[in-house]
Amino acid sequence: SNMSSPSESQGNEITDRVDPGSLPKDEQHIQETENVKNSAAESKLGRIISVNCLTKNIRTFQSLEVNVEYEIFDQVPNLLVGIAIYDRQRRYIFGPNTYLDNFQIPTTRGKYSITYRIPQIPLLSGTYCLDAGLFSEKGLVVIDYKTAAAEFVVRNDYFTEGLVYIEHEWRIGK
């Protein structure tokens, strides 16, 4: 990681942070991710120890399981863990977190392990990567963030085309 003097990092933090609301919708998430990475280095509250995809090779509709180990150095109220799924082109596909899902996680000093599971993944064939973040204050304060921390591959026999499978039906008119 880049070490810089305190005065430099404070200056950079101000100039590097762009208000995502001032950008077009598709660029907002990219800028939010950049803001995250710029401020994460400052945190002494905790860290992500590891991000491990337990299901590295799956088919559409199989389950995806990701294990995240994290450490808290001091009590962090409103702590949350987020997982983001991206495709190979870094297009943002899905990004749930424990706060939005009302899932309580340990927030006191110590090391913890949580598992995130999608019972039936709708993604079609491709290689996908996972980011993981440790945040507080509803995701506004970044404690640690790992970009492309793990990946998984979805492989299928040819049965349809696109990025995700969507339930559908066909009818012939009367």
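Note that the structure is predicted; figures quoted are calculated from it, not measured.

Visitor: Can you help me understand the sheet that holds strand S6 (residues 110–118) in this one?
Guide: Across a sheet, strands are paired by hydrogen bonds formed along the backbone, either parallel or antiparallel in direction. One open sheet accounts for 3 strands, arranged S1-S3-S6; its pairing is antiparallel. Since the sheet does not close on itself, it has two edges, and those belong to strand S1 (46–53) and S6, each with one partner. With strand direction ignored, the average angle separating the axes of adjacent strands in the sheet is 20°.

Visitor: So what exactly am I meant to see when it comes to the sheet that holds strand S5 (residues 92–94) here?
Guide: The 5 strands lie next to each other as S2-S8-S7-S4-S5, forming an open sheet whose pairing is mixed. Edge positions in the sheet fall to strand S2 (57–58) and S5, since each of these pairs with one other strand and no more. Bridging between strand S4 (residues 80–87) and strand S7 (residues 126–136) involves 8 bridges; their strand directions are antiparallel. Counterpart to Asp-87 in the pairing with S7 is Tyr-128.

Each value, and the rule that gives it
Residues numbered from 1 in each chain as written. Predicted model: local features only at pLDDT ≥ 70, side-chain atom pairs only at ≥ 80, totals over all residues. Heavy atoms only, no water. Pairing = 2+ DSSP bridges. Helix = DSSP H or I, 4+ residues; strand = E, 2+ residues; numbered from the N terminus. Axes fitted to C-alpha atoms, helices over the stretch in contact; angles between N-to-C directions.

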